[in-house]
Amino acid sequence: MSQDTQGLSQDREPADGFSKGGFILSAIGSSVGLGNIWRFPYLTSENGGAAFFLLFTLCLLLIGLPILLAELSIGRGGRGNAASSFQRLSGRKAWGLFGLISVFGSVIIMSFYGVVTGWTLHYAVRSFSGVLSRETNYAESFQTFTASGYGPVFWQVMAMVIVCWVVARGISGGIEKFNKILMPMMVIALLVLLVNALTLSGARAGIEYFLKPDFSKLTPESALLALGHAFFSLSLGMGTMVTYGAYVNKRQSLKTASLAVVGGDLLYALVCGLIIFPTSFTYGLESQQGPGLVFIVLPAAFHAMPFGFLLGGIFFLLLAIAALTSAVSMLEVPVAFAMEKWKWTRTKASLATTAFCILLGVPAALSAEGPWKGYKWLGRTVFDWFDYSASNVLLPFGGLLVTLFAGYVWKQSAQEADLRPVWAKTWLLLLRYLAPIVIILIFLYSAGVLRF
Ligand code: TRP
């Protein structure tokens, strides 16, 4: 193997890359997103509250953390996109092909993620303008909005335009700058909402529901959902962190960054649960399930609160920021790929991939509670299929390949990750045995092949 194919990042630095703090902020921005605020609460309430949270935490620490470090190392070691980094480090085309799947996977996730990001923008605008607080039936108004068809598509396009504009400006001048401005705003919004939620009368009941485990409520599918959500929440399995890793300079500690991202993501999920559950318990709104949860339950709760329009506005702004800082990391995957593969300029690559994601996202926009809601295949709409297949099949599968790549194929992974010998050993053990075995068991179990 030549020095080039097995090389480390030592002598190559990216022309446009992240600064030290900017990288950590942007990686946290990528992981903290709709996953934490929109997806996590409804998964938790459908799967037994605290018991699910516990499962999720275990998946995050034992499987998510080692894979995150592996993805960042692969990106920095290979200094390419989500496909070429694998190919360069292994010297084999087949691995590049796997990477290609993750580029496609990112496009699929981007398509439905863009739709929900659009909803958040719409709700942020409606809250601040006071329109939302004048309404009374929030289930109905959410339905009217999604059923109209053109509304969700319009806001999806708006969201994608913002994402495209940021990505087109590059890493340091676009993605990093965007995160540096928005992430502190997000923390402030989060704190305001947390203090408010903890003073509500239903705070105790809500917290108990969220943090006191009831294992009898776990279903066989919960394990798969918890694992899939750990991947989704950390932006793993689809080349996002490989792509970001390529823009990190060699002096940065990937270990510190990984710990910060996992810690930040977990803390954020915890705080979001502490905001959402007390709020829905206080206002006696029966726990609404599915993707509509935060768009129906929370507006109704804010409606009943003093200064509700302001708090509601802050909440949806928080949601929109979280979504946008994640969406930019998702779009960067196909953009980096197109720039390297076809030698496109960043602007051209951003415009083309955005257009593609918008087109692919329209069926998702129309099927999520919209006019195409009735078209179902095996009980799921297009939107549900995008979400379900990406999160519970593509992401764990992508994660599995990453564990095998960093554990067995690329021999210098531990060197690039720069761990002390005992940690390097532990890391490789997790990557070689625990993570792949657990992922495969959960797959077999949920497919019904295995029963215990
Ligand atoms: N982690 C983000 C969230 O929680 C979403 C996300 C960004 C993502 N990049 C990803 C999910 C790549 C899967 C794959 O909302």
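Preceding this paragraph is the structure being described.
The sections below set out a description of the structure shown in this document. (Residues numbered from 1 in each chain as written. Predicted model: local features only at pLDDT ≥ 70, side-chain atom pairs only at ≥ 80, totals over all residues. Heavy atoms only, no water.)

1. Brief notes about the overall build of the chain
1) Next: When helices and strands are tallied, the chain shows 20 helices and zero strands.
2) Next: Its C-alpha atoms give the chain a radius of gyration of 21 Å, near enough to 22 Å, the size a compact globule of 452 residues would have.
3) Next: Viewed in the frame of its principal axes, the chain has a C-alpha envelope of about 65 × 50 × 40 Å.
4) Next: Per-residue burial over the chain gives 59% buried out of 452 residues.
5) Next: In the form shown here, the chain has an accessible surface area of approximately 17800 Å², with 69% of it arising from carbon and sulfur atoms.
6) Next: Separation of charge centres in the chain, based on 31 positive and 21 negative side chains, amounts to 7 Å. (Helix = DSSP H or I, 4+ residues; strand = E, 2+ residues; numbered from the N terminus. Rg over C-alpha atoms; globule rule 2.2 N^0.38 Å. Buried < 20%, exposed > 50% of the residue type's maximum accessible area, 1.4 Å probe, protein only. Areas by Shrake-Rupley, 256 points an atom, 1.4 Å probe, with all protein chains shown as cover. Lys, Arg positive; Asp, Glu negative; His and termini not counted. Charge placed at Lys NZ, Arg CZ, Asp CG, Glu CD.)

2. Digging into the nonpolar core
1) Next: In this structure, Ile37, Tyr268, Val294, Phe295, Phe315, Leu318 and Trp427 are the most contacted members of the largest nonpolar core, which totals 143 residues.
2) Next: Here the element with the most residues in this core is helix α16 (residues 308-342); it accounts for 18 residues.
3) Next: Val294 has contacts with Ile37, Trp38, Ile276, Pro299, Phe315, Phe316 and Leu319, leaving out every residue within four places of it along the chain.
4) Next: Within the second largest apolar cluster, five residues are counted, among which are Ala82, Ala83, Val103 and Val333. (Core = buried A, V, L, I, M, F, W, Y, C linked by side-chain atoms within 4.5 Å. Contact = heavy atoms within 4.5 Å.)

3. Points about empty space enclosed by the protein
1) Next: Taken as a whole, this structure holds three cavities of 30 Å³ or more when the rule is applied.
2) Next: Approximately 160 Å³ is the volume attributed to the largest cavity.
3) Next: What lines the largest cavity is a set of 20 residues, and nearest its centre among them are Ile109, Phe232, Ser235, Thr240 and Met330.
4) Next: Contributing elements (two or more residues each) for the lining of the largest cavity: α2 (20-31), α3 (34-46), α6 (93-128), α12 (220-233) and α16.
5) Next: The residue inventory of the lining of the largest cavity, partitioned by class, reads nine nonpolar, 11 polar and no charged.
6) Next: Here the second largest cavity defines a volume of roughly 60 Å³.
7) Next: Of all elements in the fold, only α7 (131-134), α15 (293-304) and α16 reach the threshold of two or more residues within the lining of the second largest cavity.
8) Next: Class assignment of the residues belonging to the lining of the second largest cavity gives a composition of five nonpolar, five polar and no charged. (1 Å grid on protein atoms, 1.4 Å probe; cavity = no way out; pocket = protein on both sides within 12 Å on 5 of 7 lines; lining within 4 Å. Points joined across faces, edges and corners; volume = space filled by probe spheres on them. Nonpolar A, V, L, I, M, F, W, Y, C, P; charged D, E, K, R; others polar.)

4. A few points about the site of the ligand
1) Next: Around the ligand, a shell composed of 17 residues is seen, among which Ser31, Gly35, Tyr113, Phe232 and Ser235 lie nearest.
2) Next: With respect to the ligand, the backbone of Leu34 contributes an N or O atom lying 3.1 Å from an oxygen atom.
3) Next: Residue Tyr113 places a side-chain N or O atom 2.6 Å away from an oxygen atom belonging to the ligand.
4) Next: Expressed as a share of its isolated accessible area of 360 Å², the protein-covered part of the ligand is 100%.
5) Next: Under a 2 Å grid-point criterion requiring more than half of the atoms, the pocket assigned to the ligand is the largest cavity.
6) Next: Of all the elements in the fold, those that place two or more residues in the shell around the ligand are α2, α3, α6, α12 and α16.
7) Next: Residues belonging to the shell around the ligand are distributed by class as follows: seven nonpolar, 10 polar and no charged. (Near = heavy atom within 4 Å. Polar contact = N/O pair within 3.5 Å; in protein donor to acceptor, adjacent residues only side chain to side chain. Sits in = over half its atoms within 2 Å of the grid points.)

5. With respect to the pattern of salt bridges
1) Next: In total, this model carries five salt bridges according to the counting rule given.
2) Next: The salt bridge partner of Glu135 is Arg126, with a shortest N-O separation of 3.2 Å. (Salt bridge = Lys/Arg side-chain N within 4 Å of Asp/Glu carboxyl O.)

6. Things to note about the state of the cysteines
1) Next: Under the definition given, this model contains zero disulfides.
2) Next: Cysteine Cys59 remains unbridged, with the sulfur of Cys272 as its closest cysteine sulfur at 19 Å. (Disulfide = S-S within 2.5 Å.)

7. Looking at the packing of α6 against helix α9 (residues 150-168)
1) Next: Closest axis-to-axis distance for the α6/α9 pair is 7 Å, and the angle between their directions is 100°. If you check the angle between α6 and α9, you find them roughly perpendicular. Contacts between α6 and α9 involve Met110, Ser111, Gly114, Val115, Thr117, Gly118, Trp119, Leu121, His122 and Val125 from the former and Pro152, Trp155, Gln156, Met158, Ala159, Met160 and Ile162 from the latter.
2) Next: A class-by-class count of the residues in the contact of α6 with α9 yields 11 nonpolar, six polar and no charged. (Axes fitted to C-alpha atoms, helices over the stretch in contact; angles between N-to-C directions. Parallel < 35°, antiparallel > 145°, perpendicular 65-115°, else oblique.)

8. Some remarks on the environment of Pro421
1) Next: Topologically, Pro421 is positioned in helix α20 (residues 421-446).
2) Next: Judged by relative accessible area, which is 64%, Pro421 ranks as exposed.
3) Next: On a C-alpha basis, the gap between Pro421 and Tyr375 in space is 54 Å, while along the polypeptide they are 46 residues apart.

9. Structural notes on the packing of aromatic side chains
1) Next: One pass over the full model with this rule turns up 29 aromatic pairs.
2) Next: Measuring from centroid to centroid gives 6.2 Å for Phe40 and Phe210, while their planes differ by 80°, and the two rings are edge-to-face. Of this pair, Phe40 sits in helix α3 while Phe210 sits in helix α11 (residues 203-211), and the two are 170 residues apart along the sequence. Here the two residues Phe40 and Phe210 agree in accessibility, since each one is buried.
3) Next: Centre to centre, the rings of Tyr209 and Phe281 are 5.4 Å apart; their planes meet at 40°, and the pair counts as tilted. Of the two residues, Tyr209 sits in helix α11 while Phe281 sits in helix α14 (residues 254-282), which places them 72 residues apart along the sequence. (Phe/Tyr/Trp six-rings, centres within 6.5 Å; stacked < 30°, edge-to-face > 60°.)

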